[in-house]
Amino acid sequence: MIRRICRNCGSEMVKELTSEGPKFFCETCSDYSPYDAFDMDPFCPECDEMLQFCGKCSSGFFCNRCGCILSRKHIVWKNR
Ligand SMILES: [Zn+2]
Ligand SMILES: [Zn+2]
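Residues numbered from 1 in each chain as written. Chains lettered and ligands numbered in written order. Predicted model: local features only at pLDDT ≥ 70, side-chain atom pairs only at ≥ 80, totals over all residues. Heavy atoms only, no water.

Undergrad: How do you make sense of the overall build of the protein chain when you look at a structure like this?
TA: Helix and strand content of the protein chain: 0 helices and 8 strands. Projected onto its principal axes, the C-alpha positions of the protein chain cover 40 × 25 × 20 Å. By residue count, 29% of the 80 residues in the protein chain fall in the buried class. For the protein chain, contacts bridging at least 24 residues in sequence account for 41% of all contacts bridging at least 6. Charge centroids of the protein chain, computed over 11 positive and 11 negative side chains, lie 3 Å from each other. (Helix = DSSP H or I, 4+ residues; strand = E, 2+ residues; numbered from the N terminus. Buried < 20%, exposed > 50% of the residue type's maximum accessible area, 1.4 Å probe, protein only. Contact = heavy atoms within 4.5 Å. Lys, Arg positive; Asp, Glu negative; His and termini not counted. Charge placed at Lys NZ, Arg CZ, Asp CG, Glu CD.)

This is the structure we're talking about:
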C-alpha cells in the first residue's frame, strides 16, 4: 500500500479528486505540500499481525487475529 508523507510535517497526505485529476493535500499544513511516497504494509499494534484493508468502511483496517477494526491512526506501518 502506497503512503504519501508530507515533507514539511510528516503527516499523511489526503487524496483529493479535482477536475485536473487526483491531488494530494496536507491537512496539517493546509497546503499541497511536496511529499514522499512509501510502499508500506499495515500491522496490528496489539499482536503484530498484518492487517487487511476493510473495503466496507474504506477507512479502517481489520485484524484477523484480534477480530477488530483499527483506524489508520492506531496501526503500525512497516517498510516492505
Ligand atoms: Zn504537512
Ligand atoms: Zn491484532
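Undergrad: Sorry if this is basic, but what is going on with the coordination of the zinc ion (ligand 1) here?
TA: Reference values for coordination geometry: four tetrahedral donors around a metal ideally subtend 109.5 degrees, six octahedral donors ideally subtend 90 or 180 degrees. Around the zinc ion (ligand 1), the donor atoms from the protein are Cys6 (SG), Cys9 (SG), Cys26 (SG) and Cys29 (SG), and they sit 2.2 to 2.4 Å away. With 4 donor atoms in place around the zinc ion (ligand 1) and angles of 103 to 113° between them, the coordination shape is tetrahedral. Between consecutive donor residues of the zinc ion (ligand 1), the sequence gaps follow C-x2-C-x16-C-x2-C. On the criterion of sequence distance, the pair formed by Cys9 in the loop between β1 (2-6) and β2 (14-18) and Cys29 in the loop between β3 (21-25) and β4 (35-43) is long-range, its members being 20 residues apart. In this structure Cys9 comes out as partly exposed when scored by relative accessible area, which is 34%. Cys29 gets classed as partly exposed once you look at its relative accessible area, which sits at 29%. (Donors = N, O, S within 2.8 Å, 3.2 Å for Na, K, Ca; no water. Tetrahedral: all angles 85-135°; square planar, octahedral: opposite > 155°, others 65-115°.)

Undergrad: How do you make sense of the coordination of the zinc ion (ligand 2) when you look at a structure like this?
TA: The protein atoms that coordinate the zinc ion (ligand 2) are Cys44 (SG), Cys47 (SG), Cys63 (SG) and Cys66 (SG), at distances spanning 2.2 to 2.4 Å. Note that the zinc ion (ligand 2) binds 4 donor atoms; their angles at the metal cover 100 to 119°, and the shape is tetrahedral.

Undergrad: I'm lost on the packing of aromatic side chains in this one. Help?
TA: Any two aromatic rings considered together are summarised by their centre-to-centre distance and by the angle between their planes. Enumeration over the complete set of coordinates arrives at 4 aromatic pairs. Ring centres 5.9 Å apart and planes at 85° place the aromatic pair Phe61 and Trp77 in the edge-to-face group. Of this pair, Phe61 sits in strand β6 (residues 60-63) while Trp77 sits in strand β8 (residues 76-79), and the two are 16 residues apart along the sequence. Put simply, the rings of Phe53, Phe61 and Trp77 pair up and form one aromatic cluster. Directly above the aromatic system of Tyr32 lies the positively charged group of Lys23, at a separation of 5.1 Å from the ring centroid. In this arrangement the basic side chain of Lys78 is found over the ring face of Phe43, its NZ or CZ atom lying 4.5 Å from the centre. (Phe/Tyr/Trp six-rings, centres within 6.5 Å; stacked < 30°, edge-to-face > 60°. Lys NZ or Arg CZ within 6 Å of the ring centre and 35° of its normal.)

Undergrad: Help me out: how do you make sense of the sheet that holds β8 in this one?
TA: Strand pairing in a sheet takes place through backbone hydrogen bonds and is either antiparallel or parallel in direction. One open sheet holds the 3 strands; their spatial order is β1-β4-β8, and the pairing between them is antiparallel. Of all the strands in the sheet, the pair left with one neighbour each is β1 and β8. Each strand of the sheet is rotated relative to its neighbour by a mean of 60°, with strand direction disregarded. With 4 bridges connecting them, β4 and β8 associate as antiparallel partners. The residue of β8 that forms the bridge with Pro42 is Trp77. (Pairing = 2+ DSSP bridges. Axes fitted to C-alpha atoms, helices over the stretch in contact; angles between N-to-C directions.)

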